[in-house]
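Spelled out, the chains give:
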Amino acid sequence: MGRIVVTGIGVISAIGNNASENHSSLQKGNTGIGKAQFLNSKYANELLFGEVKLSNKEMLASLGNSVVSGMSRTELLAFTAFKEAVNDAGLSDTELSDFDTALLSATTVGGMVETEAIHADANTNTTPSPFVNSYRSGAHTLQLAKAFGLRGYTDTMNTACSSSANSIMLGARMIKAGKCKRAIVGGVDSLAKYTVNGFNSLQIFSDEITRPFDANRKGLNLGEGAAYLVLEREEDAVKKTIYGEIRGYGNSNDAYHPSSMSPEAVGVRGAMNGALQTAGLKPSDIIYVNAHGTGTENNDYTEVHGMQQIFDTVPPYISTKSFTGHTLAASGAIEAVYSLLSIKHQEIYPSLNWQTPMPEFNSKPQTEFVANAKVEHVLSNSFGFGGNCSSLILSKV
Amino acid sequence: MFIKDLTCISPQRTFEGDFFQSEPVIYTGSQLIAIEPAYESIPNSQLRRMGKSNRMATGAAMPLLQKYKTDGIIIGTTDGGMEDCHRFLNQIIQYQEGTLTPTNFVQGSPSSPAGGLALMSANSGYNNTHSNKGLSFENCLMDADLLFIEARAKSLLVGCVEEISQAQHRIETLAGYIKKEDVSSDKLYSSKTPGAVNGEGAAMFVVEAKNDNALAEIVDFDMISYPSREDLLTKADALLKRNGLTTDDVDALMLGFSGDVNTDNWYHGFAKDLFPQTGILSFKNLFGETPSASAFATWFAAQLVSGKPVPEMTFQRWSSRELKTILIYNHYQGNQHGFVLVRKPAPSIPQRGK
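Residues numbered from 1 in each chain as written. Chains lettered and ligands numbered in written order. Predicted model: local features only at pLDDT ≥ 70, side-chain atom pairs only at ≥ 80, totals over all residues.

## A short note on the packing of helix α2 (residues 56–63) of chain A against helix α3 (residues 73–88) of chain A
All names here are of chain A. Going by this rule: What counts as an axis is a line fitted to C-alpha atoms, over the stretch in contact for a helix, and the angles between N-to-C directions run from 0 to 180 degrees. Working definition: helices are DSSP H or I runs of at least four residues, strands are E runs of at least two. Numbering for both runs from the N terminus. Any angle that is under 35 degrees is reported as roughly parallel, and any over 145 degrees as roughly antiparallel; angles of 65 to 115 degrees are reported as roughly perpendicular and all others as oblique. Throughout, a crossing is termed right-handed when the near helix is turned clockwise from the far one, and left-handed when it is turned anticlockwise from it by less than a right angle. A pair of residues counts as a contact when their C-beta atoms, built from backbone coordinates, are within 7 Å of each other.
One way to put it is that α2 packs onto α3 with a least axis distance of 10 Å and a crossing angle of 40°. Between α2 and α3, the angle falls in the class oblique. When the axes of α2 and α3 are compared, the crossing they make is left-handed. Across the interface between the two elements, N56, M59, L60 and L63 of α2 pack against R73, L76, F79, T80 and K83 of α3.

## Focus: the environment of C8 of chain B
Residues and elements named next belong to chain B. Keep this limit in mind: Between the buried cut of 20 or more and the exposed cut of 12 or fewer other C-beta atoms within 10 Å of a residue's own C-beta lies the partly exposed class, and all C-beta atoms are placed from the backbone.
If you trace the backbone, C8 turns up in strand β1 (residues 2–9). Residue classification places C8 among the buried residues on the basis of 25 C-beta atoms within 10 Å. Sequence separation of C8 and D182 is 174 residues, and the distance between their C-alpha atoms is 26 Å. With near-sequence residues (within four places) excluded, C8 lies in contact with T14, F15, A60, G201, A203, F296 and W299.

## What to know about the domain arrangement of chain A
All names here are of chain A. Definition in use: Each domain span listed reflects an automatic or database assignment of domains. Throughout this entry, Asp, Glu, Lys and Arg are counted as charged residues, while Ala, Val, Leu, Ile, Met, Phe, Trp, Tyr, Cys and Pro are counted as nonpolar. The remaining residues, Gly among them, count as polar.
Taken domain by domain, chain A holds domain 1 (4–236) and domain 2 (248–395). Between the C-alpha centres of domain 1 and domain 2 there is a distance of 21 Å. Taken residue by residue, the interface counts 60 residues in domain 1 and 53 residues in domain 2. Of all the elements in the fold, those that place two or more residues in the side of domain 1 that touches domain 2 are β1 (4–12), α1 (19–28), β2 (49–50), α7 (163–176), β5 (182–189), β6 (222–223) and β7 (225–233). Top contributing element to the side of domain 1 that touches domain 2 by residue count: α7, with seven residues. Residues that form the side of domain 1 that touches domain 2 fall into these classes: 29 nonpolar, 26 polar and five charged.

## Section: helix α9 (residues 265–274) of chain B
Residue and element names in this part refer to chain B. Put simply, the rule is: Each direction from the helix axis to a C-beta atom contributes to the arc, which is the arc of those directions.
By the burial criterion, the buried members of α9 are W266, Y267 and F270. The arc that holds the buried residues of α9, viewed along the axis, is 95°, so those residues lie on one side. Seen from the open side of α9, the exposed residues pointing more than 90 degrees away from its buried face are H268 and K272. In the core, the buried residues of α9 are packed alongside α8 (229–241), β7 (252–255) and β10 (325–332).

## Looking at the nonpolar core
Here is the rule: Definition of nonpolar core: a set of buried Ala, Val, Leu, Ile, Met, Phe, Trp, Tyr and Cys residues joined via C-beta atoms within 7 Å.
Judged by nonpolar contacts, the single largest core of 230 residues is most densely connected at L229 and V337 of chain A. Broken down by element, the residue count for this core peaks at ten residues, all from helix α11 (residues 293–305) of chain B. Non-local contacts of L229 of chain A, meaning those with residues more than four positions away in its chain, are made with V6, G8, I9, A85, I168, V185, G186, A333, A336 and V337 of chain A.

## Quick notes on helix α5 (residues 115–123) of chain A
Residues of α5 of chain A that are buried include every one of A117, I118, D121 and A122 of chain A, and no others. Each buried residue of α5 of chain A lies within a common arc of 125° when the element is viewed along its axis, so the set occupies one face. Among the structural elements, α3 (82–94) and α7 (166–174) of chain B are those in contact with the buried residues of α5 of chain A.

Following this line, the structure appears as structure tokens:
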């Protein structure tokens, strides 16, 4: 069996509405975190967010006739990134509707972003709101399948903040096992009153810009976005642009606490080890790590501790959440796209806002942009509530 | 893959009761509420904090996790702790985004049961949650099948859980997916009105790569969204063919008739087109409709191929054939269609010691 390669990417986040805008912001070190314009929440003015710089109306207009009425912001983000990815890979309508084309997506908030509409539909409405079919998990995947005429395998994963790392992993595994010929994989989450209040209740928001791996980090900034990757077998992609391959993947549960990670980093180590094992690589082969790096006390400590257990010398590591905020179920896919961009352009993006080393470690993230780097293998980490830890290795082809 | 053991909490006496020896419980109304056990496998301090879906998933899965060593946990749930979710949502609105406690938020996440089970059974292996509306169980089967093919697991805990939350029930009713009038579950299929009746529960399985005195075999599965009638037949036909079977090898169909006059025609058409003579069983007049309905169907089919008697009210077309191979065909709200093929396993060959 040949390699599983990435032939198309699509991404929308606080630092750009497509892959090339995201790439340019990463190179320049321009964060997208700031005041939210579109989020309907009292915290919109109090906290900082990685909000996509488009209104629902603007996204709707740019999607043209592929959308139907009653689409939530989650669905609009998903459609935008999905469309870019399948166009980038040059997938024809026939290929999209092939039984052998799978769609594996991920979300946590889904249509729950439409807080007021749900509340009204559940309590007072006598006729359903236009969003009535959007609320439940899996709704955006179904909408994508319907709009783009997909007839193959579909899946929606929710393992909190590691969700779309799992959709990438499962898509690659399906192709490898011959369960499908190609897979469109990724995830989406939108800024929502529901999650803003949820994370606020857990007291893990920073009241200033997030500072991953800094001694004085105060927590995360919530973000939003979507990213999709088109995965194909290398032998089916001979005439296509190949961004890289999905070389390794690992999934392990921390089995410690519903919403924090074990000091021993059981799941973190399990996921990274699993990824190295399936990739057939040594820790020293990893050029750099796109860390989960949420900027919370608990995550950043556990992640560096975990890396120290795996690597004799910890390679450079970055948190691109300092650009996008934490995009939850979309983060694994967005960061996979960033890793692929860095492989394609042979460069390493900086981690922003870092000043002071963590007292527990003699270690700091990569804070400078590196052009002309030799990027062969990137490890990308995603960890979620419920102990869900997943790691991917993306490699140059 | 092979079902080594299984549990089910449902609106029927399936967990500790005498479901196959007694008359099924008949419900009136549009909600079939799960009959919950005493949950002896869960410490009281933890039980009190659990929402219903966490409680049912844990209650059904823990006895299995205590009995078998499994290499990972794969859960399907569309709504997860939907009641908690709506409670949190209501607090956001009621207190105008004031200071809230995180319990409902954390419990409301669909990944909570799989994470909770990993925690309680100290299982740091593979862990995933599929939350894909009407195909979540088929997604779990794919995930498990791949782990077996990759030889990364020998034994897995796989299953689904869904709870009825009152808010979601009202939303689904408003959208026309749930019956507006009261109907008796033994007369579900003569109602001829739009909408299904809501169900809930947890169906959990220990599945293994090899047949070691298994109760049943899950031979294969497949799915399609928004198919044409022909697409559906092509899929079913291909599923049988790749397993060396013909329609005649299927002893009975288990169809997801929900009593919804708008979508039950899929089942009538399917049976007519491919299986005009085959016996037909139903299951939603026992368990109600849930996004994870095919998990309950698989539990039921596995019991039947292992020799349990067929409850009379589930025969929609009688057949005298011994039930060794059952094809489950279920769709959710007419959009997502899934197949699961369940078979009585061949007697397992004793393993020779090395």
